[in-house]
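# What the coordinates show
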Amino acid sequence: MRHHFNADDLLKGVVTSDPRVPGVVAMVTDREQNIYEGAAGLRRIDDDTAMTTDDAFAIFSTTKAITATAVLQLVEEGKLDLDAPASDYAPDIGTLKVIEGFDAAGEPILRAPKRPVTTKHLLLHTGGFGYDFFSETYNRLAQERGQPSVITASKASIMTPLQFDPGDKWEYGTNIDWAGQVVEGITGKRLGEVFKTRIFDPLGIKDMTFELNDGLRQRLAGMHARGADGSLTPMDFELPDAPEIHMGGHGLYGTVGDYMKFIRMWLNDGMGPHGRVLKPETVAMAAQNHLGEKKIGMLPGVIPSLSNDAEFFPGLSKSWSYSFMVNDDEAPTGRPAGALGWAGLANLFYWIDRDNGFGGFWATQILPFGDPVSFTGYMDFESSFYTSLKAAKAA
């Protein structure tokens, strides 16, 4: 029996509340097809174009799991050893040093890492890399040393020092951008081309790209800045349309409908409508906690315009897989223990529940991350889905 779920009222609520989100697209899928597709509000608040389910978004860090999928394909083919130095495939990563602080003159104090960064470290965010909006050290390097932002999509933006020896702890950062460089080093192709032939074509994904084009731009949801008073200001924000490197950590544009096809592949043990993307045993292996006892914590908002302090399910133990967050216990929303999920900087959120065979995605375009209205709306969306699923099972 197909589960029926409707969140239209919830979506209407978040675009009419005060404060509100400008517009939202949200979907839920089972293993076969989307069971809910909704859109509400406006593409941009200074324009009266209604948001539609076909609109395109900058999907930010929801890109990461797609890059991890390309990595896992190369592992399957025996072309990539997760435990080998990543510099075997992306030599530049081998030149990076650990930063131990700054001297009296403000110069970085650097030393050689105790061990090489591996691709496993990259998938797990234990490589030592950070982001300037979550790391005081990287923010200082940006402010004082001209370290470019990752949104420049430049090679220089990921040539950063390591904040600790690889493998020592979990810290969220540019690890998956480097994983993308590993994929390019092995395949000899740009990451977008690898995605298209090896992931997007088998899944029937049409519009996902690192290189924003006019067709997508015409239905691009606008970016907005949330003020401290709750107000929204439209922003003319675009990632570079001819990026120097394809940023495997955040660089994709796409539609929610296309992302649902990727979620379905994880629900279907690696199978897509036009071919297999990953082997079932790879999916089962990847979906486990690979952090062991190292748990993930809050993301501290170091640059207030880009992120608030943000955390999923505070107080719950959370691990990391290849390459999703794993909640170790059942979440307050009803998401079961061992499910997968993550987010994107402009307040995009998704979950993948392989046990029950459902996944969902919630897309807005608002900075900073951890937006009270969008994040709460997403949690309500997921909770209402599990409430309806429980009712259906009881009936």
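Preceding this paragraph is the structure being described.
Every value quoted in this text rests on a predicted model; they were computed, and no experiment measured them.

### Re empty space enclosed by the protein
Evaluation of the coordinates by the stated rule reveals four cavities of 30 Å³ or more. Forming the boundary of the largest cavity are 15 residues, of which Ser61, Tyr131, Phe133, Tyr172 and Leu345 lie nearest the centre. Classifying every residue of the lining of the largest cavity by side-chain character gives twelve nonpolar, three polar and no charged.

### Considerations on the nonpolar core
Judged by nonpolar contacts, the single largest core of 131 residues is most densely connected at Tyr259, Trp266, Phe312, Trp342 and Phe381. Not counting residues up to four positions away in its chain, the partners in contact with Trp342 are Ser61, Trp170, Tyr172, Ile296, Leu299, Phe312, Trp320, Met325, Leu348, Phe349 and Tyr350.

### Observations concerning the side chain of Ser135
Turning to its location among the elements, Ser135 is positioned in the loop between α3 (119-124) and α4 (136-145). On the accessibility criterion, Ser135 (3% relative accessible area) is buried. Within the local environment of Ser135, its side chain forms a polar contact with the side chain of Gln163, the two groups lying 2.7 Å apart. Setting aside its immediate chain neighbours within four residues, Ser135 contacts Gln163, Glu171 and Val302.

### Here's the deal with the sheet that holds strand β6 (residues 223-226)
Across the sheet, which stays open at both edges, the three strands sit in the order β7-β6-β16 with mixed pairing between neighbours. Strands at the two margins of the open sheet, each flanked by one partner only, are β7 (232-235) and β16 (366-367). In terms of strand pairing, β6 meets β16 through two bridges, oriented parallel. Directly across from Ala225, in β16, lies its bridge partner Leu367.

### Considering the pairing of strand β15 (residues 358-363)
Burial runs high along β15: six of the six residues are buried. Residue alternation in β15 divides its side chains into two sets, Phe358, Gly360 and Trp362 and Gly359, Phe361 and Ala363, and both sets are buried. Inspection of the sheet shows strand β1 (residues 23-29) paired to β15 by five bridges, in the antiparallel sense. Paired with Val25 across the two strands is Ala363, which belongs to β15. Where strand β14 (residues 348-353) and β15 come together, six bridges link them in antiparallel fashion. What sits directly across from Tyr350, in β15, is Phe361.

Conventions adopted
- Residues numbered from 1 in each chain as written.
- Predicted model: local features only at pLDDT ≥ 70, side-chain atom pairs only at ≥ 80, totals over all residues.
- Heavy atoms only, no water.
- 1 Å grid on protein atoms, 1.4 Å probe; cavity = no way out; pocket = protein on both sides within 12 Å on 5 of 7 lines; lining within 4 Å.
- Points joined across faces, edges and corners; volume = space filled by probe spheres on them.
- Nonpolar A, V, L, I, M, F, W, Y, C, P; charged D, E, K, R; others polar.
- Core = buried A, V, L, I, M, F, W, Y, C linked by side-chain atoms within 4.5 Å.
- Buried < 20%, exposed > 50% of the residue type's maximum accessible area, 1.4 Å probe, protein only.
- Contact = heavy atoms within 4.5 Å.
- Helix = DSSP H or I, 4+ residues; strand = E, 2+ residues; numbered from the N terminus.
- Polar contact = N/O pair within 3.5 Å; in protein donor to acceptor, adjacent residues only side chain to side chain.
- Pairing = 2+ DSSP bridges.

As far as function goes, none of this settles anything; it's purely spatial.
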